[in-house]
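Chains, contacts and geometry: an overview
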Amino acid sequence: MTDTVTVEVRRYRPEQEAEPTWQSYQVPYRREWMVLDALNYIKDQVDGTLSFRWSCRMGVCGSCGMMVNGTPALTCATYLETLLPGPVRVEPLRGFPVIRDLVGDLTDFLGKLRRVSPWLVRETERPPAEGEYLQTPEQLAEYKRYSMCINCLLCYAACPIYELEPEFLGPAVIALAQRYNLDSRDEGREARMDELSQHDGIWACTFVGECSTVCPKDVDPAGAIQRYKLDAAVSWVAGLVLPRSGK
Amino acid sequence: MNPAYRRYHPKWHRAGMPIFWWLRSLPYARFIARELTSMLVAYAAVLLLVQVRALDAGPESYARFTAWLGSTPVVVWHLAVLAGLLFHTLTWLHLAPRAMVVRLGGRRVPDAMVLLGQYAAWAGASALVAWVLLA
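Bear in mind the structure is a predicted one, so any value in this text is a computation, not a measurement.

Once that is clear, we can look at the sheet that holds strand E4 (residues 71-74) of chain A. All names here are of chain A. The mixed open sheet is built from five strands, whose spatial order is E2-E1-E5-E3-E4. Two strands lie at the open edges of the sheet, namely strand E2 (21-28) and E4, each paired on one side alone. Neighbour to neighbour, the strand axes of the sheet diverge by 35° on average, direction disregarded. Contacts from helix H1 (residues 35-46) reach strand E1 (4-11), E2, strand E3 (65-68) and strand E5 (88-91) within the one sheet, and its direction differs from that of E2 by about 95°.

We now examine the environment of B:Gly84. Residues and elements named next belong to chain B. Among the structural elements, Gly 84 can be located in helix H5 (residues 72-99). Sequence separation of Gly 84 and Asp 56 is 28 residues, and the distance between their C-alpha atoms is 29 Å. Apart from the residues within four sequence positions on either side, Gly 84 is in contact with Thr 37 and Leu 40.

Turning next to the pairing of E3(A). Every regular strand shows the same layout, with side chains that alternate between the two sheet faces. All names here are of chain A. Neither face of E3 is open: one carries Gly 65 and Met 67, the other Met 66 and Val 68, and all of them are buried. The pairing of E3 with E4 spans four bridges and is classified as antiparallel. In the sheet register, Gly 65 faces E4, and the bridge partner there is Leu 74. Between the antiparallel neighbours E3 and E4 lie two residues, among them Asn 69 with a positive phi of about 50°. Inspection of the sheet shows E3 paired to E5 by two bridges, in the antiparallel sense. Paired with Val 68 across the two strands is Val 90, which belongs to E5.

Reading guide: rules and limits
Residues numbered from 1 in each chain as written. Chains lettered and ligands numbered in written order. Predicted model: local features only at pLDDT ≥ 70, side-chain atom pairs only at ≥ 80, totals over all residues. Pairing = 2+ DSSP bridges. Helix = DSSP H or I, 4+ residues; strand = E, 2+ residues; numbered from the N terminus. Axes fitted to C-alpha atoms, helices over the stretch in contact; angles between N-to-C directions. Contact = placed C-beta atoms within 7 Å. Buried ≥ 20, exposed ≤ 12 C-beta atoms within 10 Å, placed from the backbone.

Next up, the structure:
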């Protein structure tokens, strides 16, 4: 049984280097350790200057996403054991500008998220006295899968289109738009479609499909985008054939 | 990028995209192969049109066309085209259920059935083309 594992970390310290470099650390091997535990060991015991994001350690907050051996992964949910004998290579999420070490700048994503109104849009709110907006289990099942997104952005790091064309809205934003579009209580579908049907929206996606493969919550953003494309195409054709039924 | 952060960290690093990014992993390579083989779909469609045109131009013209089709380099090339077309078709059909939500009697049709429907439509269309060409 191995005693230590080599963890190679992509470092970027803008005050002292122009380009990122690799730094290698020896970390004790523990069968129950995740990659995040190894990073925390480095931070606590070896090199306190290493920067990375983490919070919940249980695959919910979505903040510890990094490239592990070239694949986007939640470091709190990736056992070191699965990567033996190493070395384990940890890099910041691909596609985002790097602020420092393993910390990417997510401002672009947050701005795009706002554009699709990821909340329930109502034309008129019912007075609270009239009670809740009830849903059947079937109506819930329509969007539940897309509501599991934790904004970890692994899907962005897996998407070569986002890396090639950073203006692309990206998988999670579109999946979240679809989450609200498919909600029976929502009335914001048309406003969202105006955003999503632009050149940087659904049509920029070429269905590589890796966003769904790496998603730790099985959200299937690629499926959401293709469903959106099909809906848009069908309503476009319906508008041509039956102009009066158009939106 | 948030300008407020820029004040403290003026040097963000953005990695460039290497030209051979699609060799990073097998799924990326498969995706590029799927996209490139779509060119062969266009080629096959044009070939069919040329065949119909040759047929329309008379027996001599059609005989010339079939002789060209039967030459060894063209047969080899068309076997490669067939392999590419099958790859494109299969990968494409298997993606279809992800985009299509089909409902029958209020229930969602399982992906496997949607896929089966695609295969049936493919077989039907192929039979129609074969009938047009061979009848």
